Amino acid sequence: KTRLIGMIVLFALISSASAALGLGGVVLGILNLGLAAVLGLFIVRAIVMPLDDLRSTLIAIQGNEDMSLRARIFRDDEIGQTAQALNALVLGFRGINGEVIMSAGKMSGASAQLAHLSSQASQNASTQDEVSAVSTALEELTVSLASVAKTTQNVLQIARESLDNAHHGNES
């Protein structure tokens, strides 16, 4: 930001000095053209390149569903802060995805155990211990299902908050 302001001040000073010294319009035009080119390069390097990199990262994450990608942070400005927020969001989604996978694995294991115990219980329905084991397995399955439901609710809440943040960012 400071460089941009400095270039604008320099542009104004060159224009004023040229007018005060009575320099011809050609000299003034050449100086202004050179300064405009430098200013254009600065804008491309400071704004366009970081935004293009951030956009490319978002498209790659969305297209490849690759939560390992990270946005590069060029500076600690608004664009850099947006890249940091995107990286934090992607990291959060990776964690939630891992929890869902782990919960699904637990549920699958409990379900297999329940099927095995159920089969045993049907063969020996008269044994009280087997009935108790089936009951325990059902309870474990219920706990696993509750865990998956809670994780799913957390994912939904984070997704809603991310969407709200994205909408608020677009409004700014």
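Residues numbered from 1 in each chain as written. Predicted model: local features only at pLDDT ≥ 70, side-chain atom pairs only at ≥ 80, totals over all residues. Heavy atoms only, no water.

Within the protein one finds four helices and zero strands. What you see in the protein, going N to C, is helices and strands ordered as α-α-α-α. Evaluated residue by residue, the protein yields a buried proportion of 19% over its 172 residues. By sequence separation, contacts in the protein at least 24 residues apart represent 56% of the contacts at least 6 residues apart. Summing over all exposed atoms, the protein offers an accessible surface of approximately 12,100 Å²; the carbon and sulfur share of this is 63%. (Helix = DSSP H or I, 4+ residues; strand = E, 2+ residues; numbered from the N terminus. Buried < 20%, exposed > 50% of the residue type's maximum accessible area, 1.4 Å probe, protein only. Contact = heavy atoms within 4.5 Å. Areas by Shrake-Rupley, 256 points an atom, 1.4 Å probe, with all protein chains shown as cover.)

In this section: a nonpolar patch on the surface. A cluster of nonpolar side chains, namely Ile 43, Val 44, Ile 47, Val 48, Met 49 and Leu 51, defines an oily patch on the protein surface of about 470 Å² accessible area. Along the chain, Ile 47 turns up in helix H2 (residues 25-64). (Patch = residues over 30% accessible without salt bridge, like charges linked within 9 Å, V, L, I, M, F, W, Y side chains within 5 Å. Salt bridge = Lys/Arg side-chain N within 4 Å of Asp/Glu carboxyl O.)

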